[in-house]
Amino acid sequence: MPKIKPVNVGLIGAGRIGSFHGETVARRLVDAELVAIADPAPGAAGKLAENLGVDAAYTDVAELLAHPGLDAVIIATPARFHTNVLVKAAEAGKAIFCEKPMALTLEDADRAIAAARSAGVPLQVGFNRRWDQAFAEGRAAIDAGKIGAPQLIRSLTRDPGPFGADPDRIPLWTIFYETLIHDFDTLLWLNVGARPVEVFAMADALVRPDAKENGFLDTAVVNIRFDNGSVAVAEANFSALYGYDIRGEVFGSGGMVTMGDVRRSSMTLFDKDGVSNDTWRRDTDHFVHGYTAQLASFVNSVRTGELRDAPSGVDARNALAIALACIESVSKKQSVVLR
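Before going into details, it helps to say that this report is about the structure given with it. (Residues numbered from 1 in each chain as written. Predicted model: local features only at pLDDT ≥ 70, side-chain atom pairs only at ≥ 80, totals over all residues. Heavy atoms only, no water.)

## Details of the sheet that holds strand S8 (residues 196–204)
Strand pairs in the sheet, formed through backbone hydrogen bonds, run parallel or antiparallel to each other.
So, step 1. Taken in spatial order, the 7 strands of this open sheet run S12-S11-S7-S10-S9-S8-S15, and their pairing is mixed. Each edge of the sheet is formed by a strand with only one pairing partner; in this case those strands are strand S12 (255–259) and strand S15 (336–337).
So, step 2. Taken together, the 5 bridges between strand S11 (residues 245–252) and S12 define a ladder with antiparallel strand orientation. Residue Val250 lies in a different strand from S12, and its bridge partner there is Val257.
So, step 3. Along the sheet face, helix H6 (residues 133–143) touches S11 and S12 and points at about 165° away from the line of S12.
So, step 4. The sheet strands contacting helix H10 (residues 313–332) are S8, strand S9 (219–226) and S15, and the helix crosses S8 at an angle near 55°. (Pairing = 2+ DSSP bridges. Helix = DSSP H or I, 4+ residues; strand = E, 2+ residues; numbered from the N terminus. Contact = heavy atoms within 4.5 Å. Axes fitted to C-alpha atoms, helices over the stretch in contact; angles between N-to-C directions.)

## Remarks on helix H5 (residues 106–119)
So, step 1. Its 14 residues place the ends of H5 20 Å apart at the C-alpha level, agreeing with the 20 Å of an ideal helix rising 1.5 Å per residue.
So, step 2. Ala109, Ala112, Ile113, Ala115 and Ala116 are the residues of H5 that are buried. Buried residues along H5 cover an arc of 160° about the axis, so they all sit on one side. Structural note: H5 exposes Glu107, Arg117 and Ser118 on the side pointing more than 90 degrees away from its buried face.
So, step 3. Looking at the packing, one finds that the buried side of H5 touches helix H4 (82–91), strand S6 (123–125) and H10. (Expected span 1.5 Å × (residues − 1). Buried < 20%, exposed > 50% of the residue type's maximum accessible area, 1.4 Å probe, protein only. Arc of directions from axis to C-beta.)

## Quick look at the packing of helix H7 (residues 174–190) against H10
So, step 1. In the contact formed by H7 and H10, the axes pass within 8 Å of each other and the chain directions differ by 120°. Taken together, the axes of H7 and H10 are oblique relative to one another. For the element pair H7 and H10, the recorded crossing hand is right-handed. Here Phe176, Tyr177, Ile181, Phe184, Asp185 and Leu188 of H7 come into contact with H10, specifically with Asp315, Asn318, Ala319, Leu320, Ile322, Ala323, Leu324, Cys326, Ile327 and Val330.
So, step 2. Grouping the amino acids of the contact of H7 with H10 by side-chain chemistry returns 13 nonpolar, 1 polar and 2 charged. (Parallel < 35°, antiparallel > 145°, perpendicular 65-115°, else oblique. Left-handed = near helix turned anticlockwise from the far one by under 90°. Nonpolar A, V, L, I, M, F, W, Y, C, P; charged D, E, K, R; others polar.)

## Examining unusual backbone geometry
So, step 1. In the segment running from Lys100 into Pro101, the intervening peptide bond is cis, with an omega of -15°.
So, step 2. Relative to the assigned elements, Pro101 resides in the loop between strand S5 (95–98) and H5.
So, step 3. Between Gly161 and Pro162 the backbone carries a cis peptide bond, its omega angle lying at 0°.
So, step 4. Within the chain, Asp309 stands out as a residue other than glycine whose phi angle is a positive 55°.
So, step 5. Considering the arrangement of structural elements, one finds Asp309 in the loop between helix H9 (288–304) and H10.
So, step 6. Its relative accessible area of 76% is what places Asp309 among the exposed residues.
So, step 7. The backbone of Lys333 sits at a positive phi, close to 55°, despite the residue not being glycine.
So, step 8. Within the fold, Lys333 resides in the loop between H10 and S15.

Have a look at this one:
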């Protein structure tokens, strides 16, 4: 049997999640090869390239896009740079995997979608929960009609504590743009065919109340009403001391499906201190399968030229529309009607 020619992938952004994605391509995917890394920070791309056995490292994105034989790119830069880098990659004819959020405004989201369409290249966005086994099985149960019509939907993200980041270094509205954006995509994905029509959001700085005067928010609850009559709740907090807690739930007219578990496994310890479970502490541990599966799906899309069963630029825009409505709702202290 002839060997499959690997898809040549370039990584743009050598930070925490970029490094993990680079490791996935280099060490976990059999039909892809990481051939180049770019990061403007001096030495960042070179250090990661050395660790992963990659020959080419650049500080200029344009140089990476001109790398010989490059088929696709993974964009893992800070969120504010996503759209411009994405457009450059599309104009260079490269297939694109972009970390969430794809854009910070609807205008930029439209610009990104248009660039990919004009270039005829696949554009996939990094909503990895769709590939988690529990969430995927939950969606399959919904598709099979096992819970009837969705009525109440819930998704939550509680990042592991204690919270130790500098609030001044976290961009404004991060809790909506980068944290709850996952939950918004999840709610849209689980509520098949439904359109959000109204959003009401509340947010505060309960973990770091001292930072609130500078606009920092670390806790939020969002209510969403859909055109099929269902109601959804999304919530987030930056400091769950017990672990990394990601869960979803859909209650319907004929039953309910729940997804996610903060426990690392079903192993439970019974000892002199009582009963206990180890919990997830990092997203790259909890979702290692999901992170890997989404890139495997992307590589397949590059090979076939068609994005199938994966979050697209339009999906990213739909989630962003909810995030922007949340920002408006919090700012005005009122519900926002989506049109």
